[in-house]
Amino acid sequence: MTNRILLTGATGYIGTHTWLALHEAGFEVLGVDNFANSSPRVLDRLAHLLGQRPQFEQLDVTDTPALTALLQQRPVQAAVHFAAFKAVGESTQQPLAYYRNNLSGLVSVCEALRATDCRRLVFSSSATVYGDPATLPIREDAPTSSTNPYGATKLIGEQILRDLGAADPAWQTGCLRYFNPVGAHASGLIGEDPRGTPNNLMPYVAQVAVGRRDRLQVFGNDYPTPDGTGVRDYIHVVDLAEGHVAALRRLLAQAGSFTVNLGTGQGYSVLDLVRAYETASGRAVPHEIVPRRPGDVAACYADPQRAAELLGWQAQHGLARMCEDSWRWQRLNPQGFDSPMPS
Ligand SMILES: NC(=O)c1ccc[n+]([C@@H]2O[C@H](COP(=O)([O-])OP(=O)(O)OC[C@H]3O[C@@H](n4cnc5c(N)ncnc54)[C@H](O)[C@@H]3O)[C@@H](O)[C@H]2O)c1
């Protein structure tokens, strides 16, 4: 049997790190992406790190015939489905684009897998499905809700996979609810390369530290948290990638489906992160407090127990390491993947 794994959204931030982790774990990876939010230059960096040309096809996952034809030529034993749009704010402006890409994409990937007799899928879900959590840390059985179209696509995506499993128990799916992925590969060759203004805190802080942006705006310091700023569960992207390896191993080893949190269980405030970044970079990160942003929750962090029990996985890296690795990536690649490859 092949040990090939399909990665959709393979040249994106989490996809590239997972590609390396799967390769190191002995899997063969077939990557697909349409470069909607990534650069073809990523493939040169991957080739360097893998020591071989990546197996890759430029393809839109909503194109079911093209994806099916690819899988007929190169069958896989499971898929990890990252391909999706992910900007919450943009999703409120362009809901149809989000529903089309994220939901049609998921349905299309499932159809192409089924057509080639593969029924194993790992799905990128998100802690956003917990809405404004009533209790902390958040367990997987906490109530779910969505406050924007992006979050709705993750909730509906999970529902699609439950319905599929109910209709055909041969399907095995793993829904992974990520908390806040940050950091970069220790090589400094791959990392998060946001287009335009970063939507997430750490890439924004990184760009302030490197001098690309003047200052950070901290949205609110009057939340019921230890220092008044929002608290999140930051998880190193390399730990997150290892979580996918563990999820695939579980699906390949035993029947059944699961939904797990991938987080550290530790919450850090915006100011904790700013201070840790200043230490890691040796640079000041000027910041100012501005009013709260609508839709932000005070605090959100995982109960990571189920992932430990079910997958034998837990995060290894702390906040200092996340900042050091982010800073190395930022410093060596001030223009992201448009920078020359560091030697
Ligand atoms: N980064 C986060 O903070 C975060 C948190 C929770 C969940 N997620 C989810 O994890 C997944 C990966 O996120 P990421 O941070 O790596 O995002 P990313 O934008 O860096 O990667 C997604 C990749 O998918 C590709 N893509 C999008 N639509 C496609 C399509 N129709 N066909 C082929 N390729 C397509 C993009 O070009 C991009 O390379 C997404 O599903 C995202 O919603 C991300």
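In case you missed it, the structure is sitting above this.
Small disclaimer: the values here were computed from a predicted structure and weren't measured.

Novice: Which residues make up the overall build of the protein chain, and what values do they have?
Specialist: Within the protein chain, the regular secondary structure consists of 11 helices and 14 strands. Computed over its C-alpha atoms, the radius of gyration of the protein chain comes to 19 Å, within 12% of the 20 Å expected for a compact globule of 343 residues. In terms of overall dimensions, the protein chain has C-alpha extents of about 55 × 50 × 40 Å along its principal axes. The long-range share in the protein chain, meaning contacts at least 24 apart out of those at least 6 apart in sequence, stands at 80%. When the accessible area of the protein chain is evaluated, it comes to approximately 14600 Å², of which 47% is carbon and sulfur surface. When the 29 positive and 33 negative side-chain charges of the protein chain are each reduced to one mean point, those points stand 3 Å apart.

Novice: Explain the pairing of strand 8 (residues 216–219) residue by residue, including any values.
Specialist: Alternating positions in strand 8 separate cleanly, Leu-216 and Val-218 being buried on one face and Gln-217 and Phe-219 remaining unburied on the opposite face. Across four bridges, the pairing between strand 8 and strand 13 (residues 287–290) is parallel. Bridge pairing in strand 13 places Gln-217 opposite Glu-288.

Novice: Can you tell me about the packing of helix 1 (residues 13–24) against helix 8 (residues 237–253), naming the residues and giving the values?
Specialist: Here helix 1 crosses helix 8 at 60 degrees, and the two axes come no closer than 8 Å. By the criterion of interaxial angle, the relationship of helix 1 to helix 8 is oblique. With respect to the hand of their crossing, helix 1 and helix 8 are arranged in right-handed fashion. From helix 1, Tyr-13, Ile-14, His-17, Thr-18, Ala-21 and Leu-22 reach across to helix 8, where they touch Val-237, Val-238, Leu-240, Ala-241, Glu-242, His-244, Val-245 and Leu-248. Among the residues making up the contact of helix 1 with helix 8, the classes are represented as 10 nonpolar, three polar and one charged.

Novice: Pulling in residues and values, what's your account of unusual backbone geometry?
Specialist: The amide bond that connects Leu-136 to the next residue, Pro-137, takes the cis arrangement and shows omega of -10 degrees. With a phi angle near 60 degrees, Phe-35 is a residue other than glycine that sits in the positive phi range. By the secondary structure assignment, Phe-35 is in the loop between strand 2 (28–33) and helix 2 (42–50). Given a relative accessible area of 13%, Phe-35 falls into the buried group. Phi at Asp-117 is positive, roughly 65 degrees, even though this residue is not glycine. Among the structural elements, Asp-117 can be located in the loop between helix 5 (95–115) and strand 5 (120–126). The class for Asp-117 is exposed, based on a relative accessible area of 62%.

Novice: I'd like a description of the packing of aromatic side chains, backed by residues and values.
Specialist: Summed over all chains, the structure comprises five aromatic pairs. The interplanar angle of 35 degrees and the centroid separation of 5.4 Å between the aromatic rings of Phe-35 and Phe-56 together place this pair among those described as tilted. With Phe-35 in the loop between strand 2 and helix 2 and Phe-56 in strand 3 (residues 55–58), this pair connects stretches of sequence that are 21 residues apart. Of the residues examined, Phe-56 reaches a relative accessible area of 17% and is grouped as buried.

Novice: Would you mind going over the environment of Leu-319 in detail, with residue names and values included?
Specialist: Locating Leu-319 in the fold gives a position in helix 11 (residues 319–332). Assessed through its relative accessible area of 7%, Leu-319 is described here as buried. When the C-alpha positions of Leu-319 and Glu-192 are compared, they lie 17 Å apart, and in sequence the two are 127 residues distant.

Novice: Give a detailed account of the site of the ligand, specifying residues and quantitative values.
Specialist: As a structural note, the neighbourhood of the ligand is formed by 27 residues, with Asp-33, Asn-37, Lys-86, Asn-101 and Tyr-150 the closest of them. Asn-101 places a polar side-chain atom, nitrogen or oxygen, 2.7 Å from a nitrogen atom of the ligand. In this structure, an oxygen atom belonging to the ligand sits 2.7 Å away from a side-chain N or O atom of Tyr-150. Considering the ligand on its own, with 820 Å² of exposed area, one finds that the protein chains cover 96% of that surface.

Novice: Requested: an account of the state of the cysteines, with residues and values cited.
Specialist: A disulfide bridge is the covalent bond that connects two cysteines by way of their sulfur atoms. Applying the stated criterion to the full structure yields zero disulfides. Unpaired in this structure, Cys-118 has its nearest cysteine sulfur neighbour in Cys-110, at a distance of 9.9 Å. Unpaired in terms of disulfides, Cys-300 finds its nearest cysteine sulfur in Cys-175, a separation of 17 Å.

Novice: Pulling in residues and values, what's your account of the nonpolar core?
Specialist: Counting residues in hydrophobic clusters, the biggest one holds 42 residues, and the most contacted among them are Leu-7, Trp-19, Leu-22, Leu-176 and Leu-262. Of all the secondary structure elements, the ones that give two or more residues to this core are strand 1 (4–8), helix 1, helix 2, strand 4 (78–81), strand 6 (172–178), helix 8, strand 11 (258–262) and helix 10 (305–311). Take this core: its biggest share by element is eight residues, from helix 8. Each residue touching Leu-22, except ones within four places of it in the same chain, is listed here: Ile-5, Leu-7, Phe-27, Val-29, Val-245 and Leu-248.

The rules behind each value
Residues numbered from 1 in each chain as written. Predicted model: local features only at pLDDT ≥ 70, side-chain atom pairs only at ≥ 80, totals over all residues. Heavy atoms only, no water. Helix = DSSP H or I, 4+ residues; strand = E, 2+ residues; numbered from the N terminus. Rg over C-alpha atoms; globule rule 2.2 N^0.38 Å. Contact = heavy atoms within 4.5 Å. Areas by Shrake-Rupley, 256 points an atom, 1.4 Å probe, with all protein chains shown as cover. Lys, Arg positive; Asp, Glu negative; His and termini not counted. Charge placed at Lys NZ, Arg CZ, Asp CG, Glu CD. Buried < 20%, exposed > 50% of the residue type's maximum accessible area, 1.4 Å probe, protein only. Pairing = 2+ DSSP bridges. Axes fitted to C-alpha atoms, helices over the stretch in contact; angles between N-to-C directions. Parallel < 35°, antiparallel > 145°, perpendicular 65-115°, else oblique. Left-handed = near helix turned anticlockwise from the far one by under 90°. Nonpolar A, V, L, I, M, F, W, Y, C, P; charged D, E, K, R; others polar. Phe/Tyr/Trp six-rings, centres within 6.5 Å; stacked < 30°, edge-to-face > 60°. Near = heavy atom within 4 Å. Polar contact = N/O pair within 3.5 Å; in protein donor to acceptor, adjacent residues only side chain to side chain. Disulfide = S-S within 2.5 Å. Core = buried A, V, L, I, M, F, W, Y, C linked by side-chain atoms within 4.5 Å.

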